[in-house]
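Coordinates in review
Residues per chain are reported as follows:
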Amino acid sequence: MRSFNFFGRLCTAFHDYPSLSKIIVVSTLSSGSLIAYSEANTNNGNRGRVAHADAVASKKKKVVVLGTGWAAMTFLKNLNNSIYEVEVVSPRNFFLFTPLLPSVTCGKVEARSIVEPIRNIIRKKNIDVSYREAECTKIDPANNKIYCRATANTNSKRREEFAIDYDYLIIAVGAQVNTFNTPGVEGNCHFLKEIDDAQKIRRNVIDAFEKASLPNLTEEERKKILHFVVVGGGPTGVEFAAELHDFVSEDVVKLYPMVQNFVKITVLEATDHILNMFDKRITKFAEHKFGRDNIEVKLGSMVTKVTENEICTKAKGSDKTTSMPYGMVLWSTGIGPRPIVKDFMKQIGQGNRRALATDEWLRVEGVGNVYALGDCATINQRKVMEDITEIFKKADADNSGTLTLKEFQDISNDICERYPQMQLYLKSKPVRNIFDRPSQVKGKASKESIELSIEEFKSALSEVDTQLKNLPATAQVANQQGAYLAKCFNRMEECEINPEGPTRIRGTGRHRFRPFRYRHLGQFAPLGGEQTAAQLPGDWVSIGHSSQWLWYSIYASKQVSWRTRALVVSDWIRRFIFGRDTSGI
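Keep in mind the model is a prediction, meaning the values are calculated, not measured.

**Points about the packing of aromatic side chains**
The final tally for this structure, using the stated rule, is 21 aromatic pairs. Measuring from ring centre to ring centre gives 5.0 Å for tryptophan 70 and phenylalanine 95, while their planes differ by 85°; the resulting arrangement is edge-to-face. In this pair, tryptophan 70 is assigned in helix α3 (residues 70-78) and phenylalanine 95 in strand β3 (residues 94-96), connecting sequence segments 25 residues apart. Comparing tryptophan 70 with phenylalanine 95 shows no difference in burial state: the two are buried. Seen in terms of ring centroids, tyrosine 84 and phenylalanine 489 are 5.3 Å apart; in terms of plane orientation they differ by 55°. Their pairing is tilted.

Right under this line is the structure:
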């Protein structure tokens, strides 16, 4: 009734006030026109934006990343330039915090606590990133393609194969264990490179104690089952031996009291010391501590063969081979290239190398748009003596054929940036000492006036390349390389116009980017019993319980996400309160 009265009054108003009706009609039509115009503009604007987006997408550079390890993960996390379309290809759909793998083998940390799905990492990016769970089977640098095979289980007998084009290819597939073609290693030894390896070792450790607890075994059989052999005295082998000893001394004594006295841990090292890459003080302490913990360390012992029941070794400098029974062997002696990397190395003429050779900008030598970083690559640092003539010409500003101290000082910063061994060399031998030539000093007022010929300059720098050192295959190196390469890609366009690198020794102008420089931040070696050896920059060495807490804090902070950080810390707390999980699952 009220609505009827409202419409009745509205009609009366139109009749009584015709001018008002005209205003309303005109306003309605105008509003409709404005709305229609607005919608048209919106549609046109949307079409314009879509066209612009399509144009931008067509101009995007395609970056294909092989791998989801330290180098690849850090590159993805730091890349923020939207001009790239990134496609990640890896059979492993997660990032693995490899430094904690030894902790997984004995239940100190759970396997899922140290993995982060790669899709969790890339979904937070504001750039175009996609992931393909597949294995790269071939790299075709001539046509800028890679060929892949899906690794997901399918009902079809043949796995799906496909090709991916790229503008830039980043190879970060890591490495595999190097067996040095030792007979029997592949079939009888455990490795510790992937999360599956750690879980398999954990099951075998628990199964060994369960099997040794059966009542129908002799003492010799129990000793054989509980003899754990570690081949390789590097950080991974030493940490596993320490974790296993802690498991025996803290948990086995409570859970398997009848077999604890049959446990034996042996570390076989081919060189003269374990932890060779550490300070001698750490090496000495580790060997003494293992001796106190009844972990047998056999130095200068090379493995010649591994059978199903015995491991054969040969002492350094001797041809005599001895054998000993074992229950489980962990092989941790070094790394080698994966099959895909081997095949690619043969294609580009690097078949006789142990890893892909790159320049100081992480570009694979001979292939300008392919980069390699992490364990699968090594930087082939340019030698000073290879370019000594060009360096001399570049420094000789007045083209006099001789070089003065001032001329060398003017270009020394660029030389040190281009050749890091020069910087190390000049720390022990200052620039002024290079010009301290006995044959020239007589009759000269000062070193500033001494001039070196090309032959004298070569003689003065003849030992500079002895400072060259290969970078270790560690997570720390891969992490820094990934961050460096992402920074280069973020600034690619800017540095094309304004190069920021050192002066080109061969040619004119400057390099686009500064070369990669590794900054060593220190290293840890957990030795068991809540004691860790730490070697930090500045020749600072710390060994003991305080270093263990430093290890806890740094490894927690280096987790890739807050989720894994919380999980790892909770695993440590659980172990302190309840002990290790011995379910073997």
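**As for the packing of helix α7 (residues 195-212) against helix α9 (residues 235-255)**
The packing of two helices is summarised by the inter-axis angle and the distance between the axes. Viewed as axis vectors pointing N to C, α7 and α9 meet at an angle of 40°, and their least axial separation amounts to 13 Å. With respect to their mutual orientation, α7 and α9 come out oblique. The hand of the α7/α9 crossing is right-handed. Residues Ile201, Val205, Ile206 and Phe209 of α7 touch α9, and the partners they reach there are Phe240, Leu244, Phe247, Val248 and Val252. Of the residues assigned to the contact of α7 with α9, the class counts are nine nonpolar, no polar and no charged.

**Comments concerning the packing of α3 against helix α18 (residues 475-490)**
One way to put it is that α3 packs onto α18 with a least axis distance of 7 Å and a crossing angle of 35°. In the crossing of α3 with α18, the sense of the turn from one axis to the other is right-handed. Taking contact as the criterion, the partners of Trp70, Ala71, Thr74, Phe75 and Asn78 in α3 are, on α18, Ala475, Ala478, Asn479, Gly482, Ala483, Leu485, Ala486, Phe489 and Asn490. For the contact of α3 with α18, the residue count by class is nine nonpolar, five polar and no charged.

**Details of the confidence of the model for the chain**
In this model, the chain carries an average pLDDT of 87, and 86% of its residues clear a pLDDT of 70 or more. Between residues 1-8, whose pLDDT stays under 50, and residues either more than four places distant or in other chains, the model counts zero contacts. In the model, residues 10-57 has pLDDT below 50 throughout and makes two contacts with residues more than four positions away in sequence or in other chains.

About the criteria used
Residues numbered from 1 in each chain as written. Predicted model: local features only at pLDDT ≥ 70, side-chain atom pairs only at ≥ 80, totals over all residues. Heavy atoms only, no water. Phe/Tyr/Trp six-rings, centres within 6.5 Å; stacked < 30°, edge-to-face > 60°. Helix = DSSP H or I, 4+ residues; strand = E, 2+ residues; numbered from the N terminus. Buried < 20%, exposed > 50% of the residue type's maximum accessible area, 1.4 Å probe, protein only. Axes fitted to C-alpha atoms, helices over the stretch in contact; angles between N-to-C directions. Parallel < 35°, antiparallel > 145°, perpendicular 65-115°, else oblique. Left-handed = near helix turned anticlockwise from the far one by under 90°. Contact = heavy atoms within 4.5 Å. Nonpolar A, V, L, I, M, F, W, Y, C, P; charged D, E, K, R; others polar. pLDDT = per-residue confidence, 0-100.

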